[in-house]
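Commentary on secondary and tertiary structure
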Amino acid sequence: MTTSNRGATSPAVLVLEDGRTFRGRAYGAVGETFGEAVFSTGMTGYQETLTDPSYHRQVVVMTAPHIGNTGVNDEDPESKRIWVSGYVVRDPARTPSNWRSRRSLDEELSAQGVVGISGIDTRALTRHLRERGAMRVGIFSGGALADEAALLAKVRQAPQMKGADLSGEVATEERYVVPAIGAKRFTVAAIDLGIKGMTPHRMAERGIEVHVLPATATAEDVYAVNPDGVFFSNGPGDPATADHPVALMRAVLERSTPLFGICFGNQILGRALGFGTFKLKYGHRGINQPVQDRTTGKVEVTAHNHGFAVDAPLDAPSDTPFGRAEVSHVCLNDNVVEGLRLLDRPAFSVQYHPEAAAGPHDAAYLFDRFVSLMEGQRA
C-alpha cells in the first residue's frame with residue numbers, strides 16, 4: 001500500500017481482478033491499495049468493522065449507502081488500529097454528528113493511511129461480488145492512477161486470500177492480562193489469532209481473568225497460567241494454513257480442558273477434529289445473519305465476518321479422535337456450519353461473533369455456556 005494526504009475531490013478508480021472498474025472520488029488516504037473485495041451488510045458499527053483484525057488484507061464494501069454519520073470516537077475500536085486494506089462507500093457523511101465523535105471518518109482513514117473510494121454504485125458492486133464471488137481488487141487515486149490495463153495487471157499480481165497465513169501478522173507479540181470485573185471466578189488462557197477487544201471484556205464481565213497469549217503460544221505457555229478454560233479467537237486468513245493453532249487445540253482437547261472458539265477458532269476446532277475447511281463464494285459479513293442453535297431451536301440474529309467455513313456433516317454426530325462431535329449451529333441463509341460441539345468432552349465453538357459490540361446481542365449466552373463448562377469441570 002502506498003498513500004499520501006487525503007483528497008476528497010481527487011478522482012479514484014476501483015479495479016476488480018475480472019476487469020470490471022468503478023470510478024469515484026478518493027476517500028481517506030490517496031494512493032493505491034490491494035486486497036480481497038468483500039461486502040459488509042451492517043448499517044451501523046463501521047468503526048468496529050474497520051478495527052477488526054479479521055479484516056486484515058480485505059477491502060470492505062459497505063452495502064449501507066450513507067457511512068460516517070457518527071464520526072469516529074475513542075471508545076469503540078476493537079483494536080489499536082484500522083486493519084482493512086481499503087474502504088468503499090457510496091455516500092460519505094459530510095459532517096459527523098454524535099456527542100462522542102472526536103473526528104470524521106475521512107480524517108481517521110487518512111491519518112492511518114487507509115486508501116478508500118466514495119461515490120460509486122456500491123449496490124452494483126455488491127451484486128457483482130454476489131454473482132462472481134469475492135476477488136482481488138485495487139483502489140487507485142492521485143499519483144497511482146494510470147492506464148486501466150496497467151492497474152488490472154497490478155491487481156492480478158496481488159496475493160490471494162486462499163492459502164494466506166495471516167493470524168501471526170495481527171496477533172499480540174506479548175502476553176497481557178485483562179482482569180476480572182468484580183470477584184475473580186475463573187482463569188482463561190485466550191489464544192490471540194486476531195482477537196477483538198470486546199471479547200476478553202465479555203469474559204471479564206463474568207468474573208474471568210483473561211490471559212491473552214500470542215498465536216505462537218505453546219501448550220506449556222497455556223498451562224503455565226493454570227487455566228480453568230482455553231479460548232481460541234477470531235482472526236484472518238485461510239484456516240488450512242493454521243497448523244500450529246490446530247496442534248495446540250488438540251493438546252488442549254487431550255487434557256479435556258473446557259474450550260471455546262469463535263470464528264477462526266471454530267475453523268481450528270473443525271480441523272482439530274478431522275474435518276476439512278473450504279472458501280465460501282463471498283462469505284458472511286455484517287450484523288444481521290440468521291443462525292439457528294440446533295440444541296434449543298432458537299434463531300439468533302448474529303454478527304459475522306468469515307470467508308471460510310467448516311465442512312462437517314449436518315445430519316448426524318461424527319466420530320472424531322476426541323469423541324463424538326455434532327454441528328450445533330447452522331446459518332439459515334445457506335446451511336453453512338456455524339457451530340460445533342463435542343458430546344464427550346467440554347468443548348464447543350461458533351463461527352460468528354457473540355461479543356457483537358457493533359450489533360445484536362442474541363448470542364451473548366455463549367459466554368455463559370463457557371462459564372457453565374468451567375463450573376462443571378471444577379465440580
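Please read these numbers as outputs of a predicted model, since none were measured by experiment. (Residues numbered from 1 in each chain as written. Predicted model: local features only at pLDDT ≥ 70, side-chain atom pairs only at ≥ 80, totals over all residues. Heavy atoms only, no water.)

1. Comments concerning the overall build of the protein chain
- Tallying secondary structure elements over the protein chain gives ten helices and 21 strands in all.
- The globule rule puts the C-alpha radius of gyration for 379 residues at 21 Å, and the 21 Å found for the protein chain is close to it.
- Burial statistics for the protein chain: of 379 residues in total, 58% are counted as buried.
- Sequence separation of 24 or more characterises 75% of the internal contacts of the protein chain that already satisfy a separation of 6 or more.
- When the accessible surface of the protein chain is summed, it comes to about 15,100 Å², and 47% of that surface belongs to carbon and sulfur atoms. (Helix = DSSP H or I, 4+ residues; strand = E, 2+ residues; numbered from the N terminus. Rg over C-alpha atoms; globule rule 2.2 N^0.38 Å. Buried < 20%, exposed > 50% of the residue type's maximum accessible area, 1.4 Å probe, protein only. Contact = heavy atoms within 4.5 Å. Areas by Shrake-Rupley, 256 points an atom, 1.4 Å probe, with all protein chains shown as cover.)

2. What to know about a positive patch on the surface
- A cluster of like positive charges, contributed by Arg123, Arg127, Arg130 and Lys281, occupies part of the molecular surface.
- Here the positive patch takes three residues from helix 3 (residues 122-132), the largest share from any one element.
- Locating Lys281 in the fold gives a position in strand 16 (residues 276-293). (Patch = residues over 30% accessible without salt bridge, like charges linked within 9 Å, V, L, I, M, F, W, Y side chains within 5 Å. Salt bridge = Lys/Arg side-chain N within 4 Å of Asp/Glu carboxyl O. Lys, Arg positive; Asp, Glu negative; His and termini not counted. Charge placed at Lys NZ, Arg CZ, Asp CG, Glu CD.)

3. Some words on the pairing of strand 5 (residues 58-62)
- With five of five residues buried, strand 5 is to be regarded as a mostly interior element.
- Going residue by residue along strand 5, you find Gln58, Val60 and Met62 tucked away on one face and Val59 and Val61 tucked away on the opposite face as well.
- Of the strand pairs in this sheet, strand 4 (residues 30-40) and strand 5 are connected by five bridges, and their pairing is parallel. Each residue of the ladder has a partner; that of Ser40, found in strand 5, is Met62. (Pairing = 2+ DSSP bridges.)

4. Some words on the UniProt feature "domain: Carbamoyl-phosphate synthase small subunit N-terminal" (unreviewed entry) in the protein chain
- In this structure's numbering, the residues bearing the UniProt feature "domain: Carbamoyl-phosphate synthase small subunit N-terminal" (unreviewed entry) are residues 10-140.
- In this annotation, residues 10-140 is assigned 18% helix and 36% strand; the end-to-end C-alpha distance for the span is 10 Å. (UniProt positions renumbered as here; feature names shortened; annotations may be inferred.)

5. A few points about the layout of surface pockets
- Estimates place the volume of the largest pocket at around 320 Å³.
- Taken together, 15 residues form the lining of the largest pocket, with Ser79, Lys80, Val170, Tyr176 and Asp192 sitting closest to its centre.
- Per-class residue counts for the lining of the largest pocket are six nonpolar, four polar and five charged. (1 Å grid on protein atoms, 1.4 Å probe; cavity = no way out; pocket = protein on both sides within 12 Å on 5 of 7 lines; lining within 4 Å. Points joined across faces, edges and corners; volume = space filled by probe spheres on them. Nonpolar A, V, L, I, M, F, W, Y, C, P; charged D, E, K, R; others polar.)

6. Looking at the pattern of salt bridges
- Taken as a whole, this structure holds 22 salt bridges when the rule is applied.
- For Glu148, the salt bridge goes to Arg23, with nearest N and O atoms at 2.8 Å. One end of the pair, Glu148, is in helix 4 (residues 148-157); the other, Arg23, is in strand 3 (residues 21-28), and 125 residues separate them in sequence.
- Note on Arg23: relative accessible area 54%, which makes it exposed.
- The partner of Arg324 in a salt bridge is Asp344, and the shortest N-O contact between them spans 2.9 Å. Pair noted here: Arg324 is in strand 19 (residues 323-331) and Asp344 is in the loop between strand 20 (337-342) and strand 21 (347-350), with a separation of 20 residues, a long-range link.
- You can call Arg324 partly exposed: its relative accessible area is 38%.
- A relative accessible area of 43% means that Asp344 is categorised as partly exposed.
- Counted as one network, the salt bridges with shared partners bring together Arg202, Glu205, Arg206 and Asp368.

7. Side note on helix 4
- Burial in helix 4 covers these residues: Leu151, Leu152 and Val155. On an axial view of helix 4, the arc spanned by its buried residues comes to 100°, and they lie on one face. Opposite the buried face of helix 4, by more than 90 degrees, sit the exposed residues Ala149 and Gln157.
- The N-terminus of helix 4 is capped by Asp147, whose side-chain oxygen sits 2.9 Å from the backbone nitrogen of Ala149. (Arc of directions from axis to C-beta. Polar contact = N/O pair within 3.5 Å; in protein donor to acceptor, adjacent residues only side chain to side chain.)

8. Some details on empty space enclosed by the protein
- In total, this model carries two cavities of 30 Å³ or more according to the counting rule given.
- By volume, the second largest cavity amounts to about 130 Å³.
- The element contributing the most residues to the lining of the second largest cavity is strand 17 (residues 299-311), with four residues.
- Grouping the constituent residues of the lining of the second largest cavity by class yields five nonpolar, nine polar and one charged.

9. Digging into the packing of aromatic side chains
- Across all of its chains, the model carries six aromatic pairs by this definition.
- Consider the rings of Phe34 and Phe140, whose centres lie 5.5 Å apart with planes at 75°: the pair is edge-to-face. In this pair, Phe34 sits in strand 4 while Phe140 sits in strand 10 (residues 135-141), placing the two residues 106 residues apart along the sequence.
- Exposure remark for Phe140: the relative accessible area of 0% places this residue in the buried category.
- With a centroid separation of 4.5 Å and 20° between ring planes, the pair formed by Phe260 and Phe348 is classed as stacked. With Phe260 in strand 15 (residues 259-262) and Phe348 in strand 21, this residue pair connects regions lying 88 residues apart in the sequence.
- Classification of Phe260 as buried rests on a relative accessible area of 0%. (Phe/Tyr/Trp six-rings, centres within 6.5 Å; stacked < 30°, edge-to-face > 60°.)

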